[in-house]
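# Per-entry structural report
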Amino acid sequence: MPEKKEFKRLPTDVKPENYTLRLQPDLDKFTFKGQETIDVKVLSSTTSITLNSEEIEIQSACYKAADAGDQNLKAEVKFEPENASVVLSFPSALQPGSGQLCIDFTGELNDKMKGFYRSKYSSPSGEEKYGAVTQFEATDARRAFPCWDEPAVKATFDVTLVVPKNRVALSNMPVKSENDLPEDSTWKVVTYERTPIMSTYLLAFVVGEYDYVEDKDSDGVLVRVYTPVGKKEQGQFALEVAVKTLPFYNKYFQIAYPLPKIDLIAIADFAAGAMENWGLVTYRETALLIDPKNSSSKSKQWVALVVGHELAHQWFGNLVTMEWWTHLWLNEGFASWIEYLCVDYCFPEFDIWTQFVNSDLGRALEMDALHNSHAIEIPVGHPDEVDEIFDAISYSKGASVIRMLHDYVGDESFKKGMNQYLTKFKYKNAVTEDLWESLGKASGKPVLDVMTTWTKQMGYPVVKVSEKQEGSNRVLTLTQEKFCADGVQEKEGSFSWMVPVSISTASDPKKAAVVTLLDKTSMDVTVPNVSPDQWVKVNCESVGVYRVQYSSETLDRFIPAIKNKTLPPRDRLGLQNDLFALARAGMISTVDVLKVVGAFVNEDDYTVWSDLTGNLGQISILLQNTDGFEDFKTFSKKLYKPVAQSLGWDAKESEGPLAAMLRELALTRLGKYGDEETVTEARKRFENHVSGKVPLPADLKGPVYLTVMVNGDETTFNQMMKLYDEADMQEEKVRISRCIGSIKSDELKKKVLDFAMSDKVRSQDTVFVIGGVTGTVQGRELCWQFVQDKWTELHERYKGGFLLSRLVEVSTDNFVTEARAKEVEKFFETHSAPAAERKIQQSVENIRLNAKWMERESTSVLKFLRSQ
Ligand code: BES
Ligand code: ZN
């Protein structure tokens, strides 16, 4: 473990109340000038003021007490770069009372996608241009102006931007006034209405060239979606989602959206997916723009989820904010849960809650089984530690425990408690317990006691089930213990959860027959009216955050119900996911799990297939390192063929998005594993697409591109690169650049790696293009070597941040030998990776898990596959 970095929060003897902030970016020199007047309250006498400031130069700083006439105290300025702060020292003590702090400063519009930064775009005529934009969360407002950059130090903001006249300039609030700059009439001075009291990390400015579409929601809020110039129709879909979503949340929370307007804007260079700045939400282009013809169903679903997520933050996060980053999960876990509620409301055809079980619960259970996981609530101080917790625990486990809680207290109580919480803490800050208290009051249930076991303790339980039939009753004995990915219990500390358990039976598969709270190590539960041959499932609809282990006899009863699909999709999904995890942990045999996979012959649910595919993918990673990978391919081709055949290549008129997504999934697998028929058809369709004869529909592009790449040569590669160059939409560029790495030839793979670093690929996408080469053993080797060689450059490019964590993940996670684990460990002993420390340990742990799994079971798995 690297040493914990020294960290102190800012002193609280002086507190800001309002910032009057004026910023003037120079889009040619990539610098900016700033002036601020901060109305402060001095709470106790002091000779210095400490605030955050990073990579900013201060020209002058002075303090004027409200009752001191014209007398200004000039400050001596001393930076403390290791704390990202600046100390302003005054010749005499400031007395308690009101005053104003005036600071003149300058800074760089950097290219690191954080703070106040530059973003490159091309104008419709193809000209290269720059805009200026902000990304402040978590700790980068201090890169744009000296401020108290902590979420609990809320203030109001009067923002003024001075920009060239022909640019769009936006901030959180509507424009209050717009005038020519007196000294140069090619510039304008735009002043915005005062913001409500808010945290610094939610402030935002955007300067650039944009078009927009607009509408009003049913409550009269003005909603605009800003797009690149000439592409405003690509904003229409997100606009519709936003206009529907705002009133939905208004109704759900029983609190109106607090600002007069909201803008959603697509930013060319953007590190995260999207950012919930109050009233000015910024997005990656791929998370906001939809082309009616050329965007896939998956993209639409993604845009809807992201819009739903960021708009939820306008209440949960912006109106009520976490007191400190330790409670980040409140923001992200909650938004990651309610985005599904919103999409389910707007687009029921996505059956999005089933997808939750795969995308969020599944991800959470996987990561949280590691010894190197962490509790949802975790003390953090230094910015690198803060960056590090924007991870699957805060997001996906956070969302999963909220889903479990929502089910436990019921929708009515949940809504009531949410409203109480938001009303009580609006324009203020809250901690996790505050939410539990509101929800406990509203529901009359021991929410605090139950939830504390989930948020203050890492990991989750596996509930072991043994059963006996007593007359018409089935008596289950449930026992909980911590689930560990390697099957080995930690010695230190004993873990125990209060687990809301629901149980369903074959007579009414969708409904919980028994609901109870497992609040001790072991207990008996009687399920009435069950005949001896009927299945009884623990964790109905996979709502609980735990795994279930049945005896093999109990398990057998599920087989027919999987085959005839009377076991509901979320239960089928959860069941097989638990089995794979238990196998990886060495608690059951992988061959037994593969036998159960055989029961999915009639499976037709996209999400079940998707989860199963992910799990088989893990096995394929192991087998790629053996001489039996061909057998795995044969097995897989047989598995996916029926579903691909039943869907065909062409969309049926009446089919929904899930059919399109399932077709994409099945064809992709068949293409990847070299199914001849699929490869031939994909090649034919690709040629027709390239020649312009029959353009591929959006939902077929993914599988066709991947298939021709995996089975392609240099000609295909060049054709694909040409498509990349010609592509206008970011969605298409991303689709292509993520799949070109699957080309067989090592030489071409190396080309892809260089291409990833070239200026043809935006920094925000580099990591994923690099990740694209890791589909084969050889590719993983090349990628890891490349990442090591280029580490300094990559590190400099991202200056820490979560993209670097993702890079560690894609380049190391899928190794399968102890030697590799050691090699990765060793490399990072001498190469710093701020904000990726935990990720490195997790990757190393994953490699060791793979290695053990390989050793233990690859022979028996191969034998099984060969016998099929
Ligand atoms: N608050 C985050 C943005 C963010 C992420 C800031 C990481 C700083 C570091 C935003 O609400 C968010 O969660 N965005 C997600 C997309 C969302 C749909 C899960 C993202 O950027 O991945
Ligand atoms: Zn979020």
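So, how was this worked out
- Residues numbered from 1 in each chain as written.
- Chains lettered and ligands numbered in written order.
- Predicted model: local features only at pLDDT ≥ 70, side-chain atom pairs only at ≥ 80, totals over all residues.
- Heavy atoms only, no water.
- Core = buried A, V, L, I, M, F, W, Y, C linked by side-chain atoms within 4.5 Å.
- Buried < 20%, exposed > 50% of the residue type's maximum accessible area, 1.4 Å probe, protein only.
- Contact = heavy atoms within 4.5 Å.
- Helix = DSSP H or I, 4+ residues; strand = E, 2+ residues; numbered from the N terminus.
- Pairing = 2+ DSSP bridges.
- UniProt positions renumbered as here; feature names shortened; annotations may be inferred.
- Near = heavy atom within 4 Å.
- Polar contact = N/O pair within 3.5 Å; in protein donor to acceptor, adjacent residues only side chain to side chain.
- Areas by Shrake-Rupley, 256 points an atom, 1.4 Å probe, with all protein chains shown as cover.
- 1 Å grid on protein atoms, 1.4 Å probe; cavity = no way out; pocket = protein on both sides within 12 Å on 5 of 7 lines; lining within 4 Å.
- Points joined across faces, edges and corners; volume = space filled by probe spheres on them.
- Nonpolar A, V, L, I, M, F, W, Y, C, P; charged D, E, K, R; others polar.
- Axes fitted to C-alpha atoms, helices over the stretch in contact; angles between N-to-C directions.
- Left-handed = near helix turned anticlockwise from the far one by under 90°.

The name an unreviewed UniProt entry assigns to the chain is Aminopeptidase, from the organism Magallana gigas.

### A few points about the nonpolar core
Generally speaking, soluble globular proteins have nonpolar side chains that are buried together. Formed by 293 residues in total, the largest nonpolar core has its most connected members in Phe145 and Trp148. Sequence-distant contacts of Phe145, that is, excluding residues within four places in its chain, are made with Tyr19, Leu21, Glu36, Asn52, Ile56, Phe105, Phe136, Phe157 and Leu203.

### Details of the pairing of strand β11 (residues 156-164)
In terms of burial, β11 is a largely internal element, nine of the nine residues being buried. In the sheet, strand β1 (residues 14-26) pairs with β11 via six bridges, with the strands oriented parallel. Opposite Tyr19, over in β11, you have Phe157 as the bridge partner.

### Remarks on the UniProt feature "active site" (unreviewed entry) in the chain
Annotation from UniProt places "active site" (unreviewed entry) at Glu310. Mapped onto the elements of the fold, Glu310 is located in helix α2 (residues 297-313). Ignoring sequence-local partners within four residues, the contact set of Glu310 consists of Ala274, Met275, Glu276, Val281 and Tyr283.

### Considering the UniProt feature "domain: Aminopeptidase N-like N-terminal" (unreviewed entry) in the chain
Residues annotated in UniProt with the feature "domain: Aminopeptidase N-like N-terminal" (unreviewed entry) correspond here to residues 15-202. Annotation note: span residues 15-202, helix share 0%, strand share 61%, distance between end C-alpha atoms 18 Å.

### A word on the site of ligand 1
Within the structure, ligand 1 sits among 15 residues, and Glu137, Gly273, Glu276, Glu310 and Tyr395 are positioned closest to it. Between ligand 1 and Ala274, the relevant distance is 3.2 Å, taken from a nitrogen atom to a main-chain nitrogen or oxygen of the residue. One of the side-chain nitrogen or oxygen atoms of His309 is found 3.0 Å away from an oxygen atom of ligand 1. Here ligand 1 has 510 Å² of accessible area as a free molecule, and 87% of this is covered by the chains.

### Overview of the layout of surface pockets
As a volume, the second largest pocket reaches approximately 1200 Å³. Together, 42 residues line the second largest pocket, and Lys120, Tyr121, Asp269, Asp759 and Arg762 are the ones closest to its centre. Within the residue set of the lining of the second largest pocket, elements represented by two or more residues are β9 (115-122), β10 (128-135), β15 (205-208), β18 (261-267), α19 (714-726), α20 (730-739) and α22 (763-771). Considering each element in turn, the lining of the second largest pocket owes the most residues, five residues, to β9. Among the residues forming the lining of the second largest pocket, the class breakdown is 16 nonpolar, nine polar and 17 charged.

### Looking at the sheet that holds strand β29 (residues 547-550)
With mixed pairing, the four strands of this open sheet are ordered in space as β27-β24-β23-β29. Edge strands, defined here as strands with exactly one partner in the open sheet, are β27 (522-527) and β29. Taken over all neighbouring pairs, the strand axes of this sheet differ in orientation by 30 degrees on average, direction set aside. In this structure, strand β23 (residues 461-470) lies alongside strand β24 (residues 473-482), joined through ten bridges in antiparallel fashion. Of the residues in β24, the one forming a bridge with Pro461 is Lys482.

### What about the environment of Thr817?
Along the chain, Thr817 falls in the loop between α25 (802-812) and α26 (818-830). For the pair Thr817 and Lys852, spaced 35 residues apart in sequence, the C-alpha separation works out to 8.3 Å. Leaving out residues up to four positions away in the same chain, Thr817 has contacts with Ile847 and Ala851.

### Overview of the environment of Phe755
With respect to the element layout, Phe755 can be found in helix α21 (residues 746-757). A relative accessible area of 8% places Phe755 in the buried class. In this view, Phe755 contacts Met721, Tyr724, Ser737, Ile740, Lys760, Val761 and Val769; residues no more than four positions away in its chain are not counted.

### Concerning the packing of α21 against helix α23 (residues 777-789)
A pair of packed helices is characterised by two quantities: the angle between their axes and the separation of those axes. Remark: α21 packs on α23, axes separated minimally by 10 Å, with the N-to-C direction vectors making an angle of 40 degrees. In this structure, α21 meets α23 at a crossing whose hand is right-handed. Across the interface between the two elements, Asp746, Lys749, Lys750, Leu753, Asp754 and Met757 of α21 pack against Gln778, Gly779, Leu782, Cys783 and Phe786 of α23. Classifying every residue of the contact of α21 with α23 by side-chain character gives five nonpolar, two polar and four charged.

### Looking at the sheet that holds strand β28 (residues 536-538)
Working definition: the strands of a sheet are paired by backbone hydrogen bonds and lie parallel or antiparallel to each other. Taken in spatial order, the three strands of this open sheet run β26-β25-β28, and their pairing is antiparallel. The outermost strands of the open sheet, each flanked by one partner alone, are β26 (514-518) and β28. Pairs of neighbouring strands in the sheet enclose a mean axial angle of 25 degrees, with direction left out of account. Bridging between strand β25 (residues 499-505) and β26 involves five bridges; their strand directions are antiparallel. The partner of Ile503 across the bridge, within β26, is Val514.

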